[in-house]
Amino acid sequence: MIKEFVRRSLLMVPPSDRDAVEQAWTHNADANVFDLHSVPYEQKNGIRAQLRDAIPFLCKGASEAFVNVSQAHLHADIEAAVWPGLAGILLSYPESSEDVSKVDQTIGEMELKHGVDVGTIEVVVMIGSMKGVWNIPEICTASPRVTTIGLDDEPILEELGVLPNPDIDPLGHFVRGRMVYEAAGIDETLHGHHGLYRLGIDFPLCSFQRSSASPEEVELAAHDARNSAFNGAICPSPEWVEPCNRGFTPTDAQIEHHHKVQETYAAGVAIGRGAMPFGDGRFVERPYDELAKKVITLREQCEERDAEKKSARS
Amino acid sequence: MQVNRAALFMAINNPRFIEAAWTRGVDGVILDMEDAVAEPHKVDARKLPTEVYPQVSKGGGIIQVRINHMYWEADLEATVWPGLSGILYPKSESAEEIRRVDAKITTLERARGMRPGSVEIQPLIETPRGVVNSYEIAQSSPRIKSFGGGGGIGVDVGRDFGVEIIPGAPQAVGDYNAECELVARGLEMTVSAGAKAGQGPGGDVVSGNIAFEEAEANRKAGFFTGRLCLHPNRVEPMIRGLTSPPEEVEEAAQIIAKFEEIDAAGEVSCEFRGRTVDKWEADRARRLLEWADACALKDRKKEVAMKRAKAELGVDF
C-alpha cells in the first residue's frame, strides 16, 4: 500500500558528486531524486554500485528517496535502485502503457528479490515527448504504482523545434492543460488529491532560465503552478527547494479567505439557504465550501510534513 | 431554433424569487434543486415543481431544472411533468450515466402524457473526468441539443483540482469550456456556453454592465447562446447584448444579396465595404438572420404571454 504524501519539491541530485548525495537531505526537499538517468553510459555501472549506500542519505531527515532511471537500461537501473528506504522510481519519457508495464514488472521482481514490501515502490512518470502527451491516459492507468505525473518541457520543445517567449508558451494550454485534466480524471483519488499527483511549473522557469531565477521568482512560479493545478515541481538545484515548499503551500491570505468562505456558507445553511452573498456581487455555494475545506486540509498536510521533517532533523 | 438568451437561476424553494420570476422578462428560468438548496431541504424541494412551473412560466419563459447528480432518479421523478423544457445534469462524467437519465425521462414522459423526447438534457461538464469524456457524453443521447462547459467559470472543476479559478488569469485548468465547445462544434450542436463569456456565477453576478459586455462579445464572436443569470439585474442587458441590432441585420441581408449576385456571375468572392464576401461569409450572415428572426419571435411570444398574465392578475408594471 502506498502511503499518503505531500511532495512540493523533488530535488535532482547529481550522483557523480558524492558530497551532493551525502548533503542532499540538508536542503529540506520533500524528496531527493538520485539522477541515474543523467549519468554517462561509461560511468553507470560504478554509480549503480553506490546506489544502495546512497539511499540512507537521500531519505535522511524524513525526506523521501527516488531514483531517476533510463528506459534504455531499465533492468540494471531498477535492480540497483530498489532497496529498503526507496520511495519510488522516476521513469523518464514513457510513451505507452507498455513502457510503464515493463517498469512495474521489473520493480515487482526486485521488491521480492531485495526484501522490499511488495507494491510499495511508486512510479513517477515524466512525460517528455508529444507521443507521451498524446498517450497520457494509457500511461497513467498502466500500473497502480503510478501515483504522479510530471512534465519535462525541454525535450518536448526540442521535438517541436520551438522556443517559448513571454507572449506565447506553446506548451501552456494544450500540454499542461491536457496533462492536469487527464491526470485528475483518473478514477482513483489518492492522498486527498483528485487523481494523480501532478508535477510542473510554468514558463519561463520550466525551460531555459532555471539557473538565473531568484528565490522570489521561483516561489511566484510555484504559486502560479499551484493555481494551475500542479502539486509540486522538480527542483534542478537546492536553491529551488524552499521557494517550492512555500509556493506550493496555500498562503495565510488564502487560508483566511477560505475560512471566511466556510463561515459564510455555514451561516447560510443555518438559515436554510444554499447560496449566500459574499461581497463584490459574488455568492458562495457548496462547491466553494468544498474547495475551502480542500485548501485548508492541504495547508494542514503541508504543516504536518514540515513538522515531520523538522522533528527528524532536530 | 430555441432562443434562451437569459435564463434566471433561482432556488426552487425560495418563494420570493419564484413569485417574481415571471415579471423579469426572462427567456427562461432555471430552477435549482442542487447547490442552492441546502441538504436538509432537498426532500421538501421535490414536492414543489408542479406548483412552481405555472407560476414561473407566466411571462413566456421556458423552464429548466438543475437536478442533483447524486439524487438524479428521485429528482427526475419530481421534476418531469408537463411544462418542463429540459433538465441540467450537473457533474456529467460518462455516456452511461446520461443514458440512464435518458431512459428514466422516457419512462416518465410516457407515464405523464408528455410528448416523447420533449425534455432536453443539458449535461454540465464540471469535473476533470467529465472534460476527458466530453466527446462521448455529448453523443450519448438525442435529447442533448446543446453542449458546453459548466456554464460558469469552473468552480466545480477548481474544487476538484483544489484551486480557485480566477477569471482572466492564465490558468491551464481554466480553459476547459473551450474544449467542450470544440466538441459541440465538431458534432454540429449548439454551443451552450461561449468562449468569450468571462464573469459567470463565480465572479460578479450582479453587474448589468458586465453581463452586457459578455453577451455582446458572445454575439460578435458568433455564439448565439445565452447564459444563466444569478441576479435579475443581468437579464435585460444579457438579452440586449445577444440580440442582433437592426444595423447588423441590415448588413447581413446586404451580404447575402451581394453573394447571390456574384454567385450568379460565377465568381467566388468580392470586396464589400472593406471586407471579403464569400460563401462562408454568406453562411454566417444567414445564421445571423435566422437568429434575429428567432429572437423576434421569442420576444413576440413573451409579450403576448406577459399581456395575458397581467390581464388575468389585474396588475401592471
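Enquirer: Let's hear about the overall build of chain B: which residues, and what values?
Expert: When its secondary structure is counted, chain B shows 13 helices and 10 strands. The C-alpha radius of gyration computed for chain B amounts to 20 Å, which stays within 12% of the reference 20 Å derived for 317 residues, consistent with globular compactness. Taken along the three principal axes of its C-alpha coordinates, chain B extends 65 × 50 × 40 Å. In chain B, the proportion of contacts linking residues at least 24 apart, taken out of those at least 6 apart, comes to 67%. Accessible surface for chain B amounts to roughly 13900 Å². Of this, 52% is attributable to carbon and sulfur atoms. Averaging the positions of the 40 positive and the 49 negative side-chain charges in chain B gives two centres separated by 4 Å.

Enquirer: Let's hear about the overall build of chain A: which residues, and what values?
Expert: Looking only at helices and strands, one finds 12 helices and 10 strands in chain A. Since a compact globule built from 314 residues should have a radius of gyration of about 20 Å, the 20 Å found for chain A is in line with a globular shape. Considered along the principal axes of its C-alpha atoms, chain A spans approximately 70 × 45 × 40 Å. For chain A, the residues scored as buried account for 56% of the 314 residues in total. Relative to all contacts within chain A whose residues are 6 or more apart in sequence, the contacts with residues 24 or more apart total 68%.

Enquirer: Outline the interface of chain A and chain B, supporting the account with residue identities and numerical values.
Expert: The interface of chain A with chain B comprises 36 residues on the first partner and 36 residues on the second. Between chain A and chain B lies a buried interface of about 3100 Å² when both sides are counted; carbon and sulfur atoms form 54% of it. Of all residues in chain A, Y181(A), N227(A) and L291(A) give up the largest surface area on contact with chain B, accounting jointly for 21% of the area buried on that side. Joining chain A to chain B, the criterion identifies 3 salt bridges. A salt bridge links E34(B) to R286(A); its shortest N-O distance comes to 4.0 Å. Here chain A and chain B share 7 residue pairs in polar contact (both at pLDDT 80 or more) between them. The element best represented in the side of chain A that touches chain B is helix α8 (residues 172-184) of chain A, accounting for 9 residues. Tallied by class, residues from the side of chain A that touches chain B come to 11 nonpolar, 12 polar and 13 charged.

Enquirer: So, the pattern of salt bridges: which residues are in play, and what are the values?
Expert: All names here are of chain A. Tallied over the entire structure, the rule returns 51 salt bridges over all chains. Linking R246 and E219 is a salt bridge whose minimum nitrogen-to-oxygen distance equals 2.7 Å. Linking R246 in helix α10 (residues 241-247) with E219 in helix α9 (residues 215-227), this pair joins segments that are 27 residues apart in sequence. Take E219: its relative accessible area is 28%, and that puts it in the partly exposed class.

Enquirer: I'd like a description of the pairing of strand β3 (residues 64-69) of chain A, backed by residues and values.
Expert: All names here are of chain A. Of all 6 residues that make up β3, 6 are buried, and the element is covered over most of its length. Where burial is concerned, the two faces of β3 agree: the one with E64, F66 and N68 and the one with A65, V67 and V69 are both buried. In this sheet, β3 lies alongside strand β2 (residues 31-34) in parallel orientation, the contact comprising 4 bridges. Note on β3: the bridge partner recorded for V33 is F66. At this point the chain moves from β2, through helix α2 (residues 41-58), to the parallel β3, and the crossover so formed is right-handed. Where β3 and strand β4 (residues 86-92) come together, 5 bridges link them in parallel fashion. Residue pairing for β4: F66 is matched across the bridge by G88. The parallel pair β3 and β4 is bridged by helix α3 (residues 74-81), and the resulting crossover is right-handed.

Enquirer: Could you give an account of the packing of α2(A) against α3(A), with specific residues and numbers?
Expert: Residues and elements named next belong to chain A. At a minimum axis distance of 8 Å, the contact between α2 and α3 shows a crossing angle of 30°. In terms of axis orientation, α2 runs roughly parallel to α3. Packed against α2, whose contacting residues are K44, R48, L51, R52 and I55, the element α3 presents A76, D77, A80 and A81 at the interface.

Enquirer: Got a sec to walk through unusual backbone geometry? Specific residues and values, please.
Expert: Residue and element names in this part refer to chain A. Its identity as a non-glycine residue notwithstanding, N28 has a phi of 70°, on the positive side. Mapped onto the elements, N28 comes out in the loop between α1 (18-23) and β2. On the accessibility criterion, N28 (17% relative accessible area) is buried. In this structure, A62 takes a positive phi of about 65° despite not being glycine. Looking at the secondary structure, you find A62 in the loop between α2 and β3.

Enquirer: Hey, could you go over the packing of aromatic side chains for me, with residue numbers and the actual values?
Expert: Tallied over the full model, the rule gives 2 aromatic pairs over all chains. Consider the rings of Y181(A) and F161(B), whose centres lie 5.2 Å apart with planes at 80°: the pair is edge-to-face. Taken as a pair, Y181(A) in helix α8 and F161(B) in helix α8 (residues 155-161) lie in two separate chains rather than in one. There is no split in this pair, since Y181(A) and F161(B) are both buried. For R112(B), the ring lying beneath its charged end belongs to W81(B), and the centroid distance is 3.7 Å. Positioned over the ring face of W280(B) is K279(B), at 4.4 Å from the centre of the ring.

Enquirer: Please give an account of the nonpolar core that cites residues and values.
Expert: Residues and elements named next belong to chain B. Grouped together as the largest cluster of nonpolar side chains are 125 residues, with contacts concentrated most on L31 and I87. When neighbours within four sequence positions are excluded, L31 is seen to be in contact with M10, I12, I18, V52, Y53, V56, I63, Q64, V65 and R66. A252, L288, W291 and C295 belong to the second largest nonpolar core, which has 16 residues in total.

Cut-off values and rules
Residues numbered from 1 in each chain as written. Chains lettered and ligands numbered in written order. Predicted model: local features only at pLDDT ≥ 70, side-chain atom pairs only at ≥ 80, totals over all residues. Heavy atoms only, no water. Helix = DSSP H or I, 4+ residues; strand = E, 2+ residues; numbered from the N terminus. Rg over C-alpha atoms; globule rule 2.2 N^0.38 Å. Contact = heavy atoms within 4.5 Å. Areas by Shrake-Rupley, 256 points an atom, 1.4 Å probe, with all protein chains shown as cover. Lys, Arg positive; Asp, Glu negative; His and termini not counted. Charge placed at Lys NZ, Arg CZ, Asp CG, Glu CD. Buried < 20%, exposed > 50% of the residue type's maximum accessible area, 1.4 Å probe, protein only. Buried area = accessible area lost by both parts, 1.4 Å probe. Salt bridge = Lys/Arg side-chain N within 4 Å of Asp/Glu carboxyl O. Polar contact = N/O pair within 3.5 Å; in protein donor to acceptor, adjacent residues only side chain to side chain. Nonpolar A, V, L, I, M, F, W, Y, C, P; charged D, E, K, R; others polar. Pairing = 2+ DSSP bridges. Right-handed = clockwise from strand over helix to strand, strands pointing away. Axes fitted to C-alpha atoms, helices over the stretch in contact; angles between N-to-C directions. Parallel < 35°, antiparallel > 145°, perpendicular 65-115°, else oblique. Phe/Tyr/Trp six-rings, centres within 6.5 Å; stacked < 30°, edge-to-face > 60°. Lys NZ or Arg CZ within 6 Å of the ring centre and 35° of its normal. Core = buried A, V, L, I, M, F, W, Y, C linked by side-chain atoms within 4.5 Å.

Everything listed is a geometric property; what it means functionally is a separate question.
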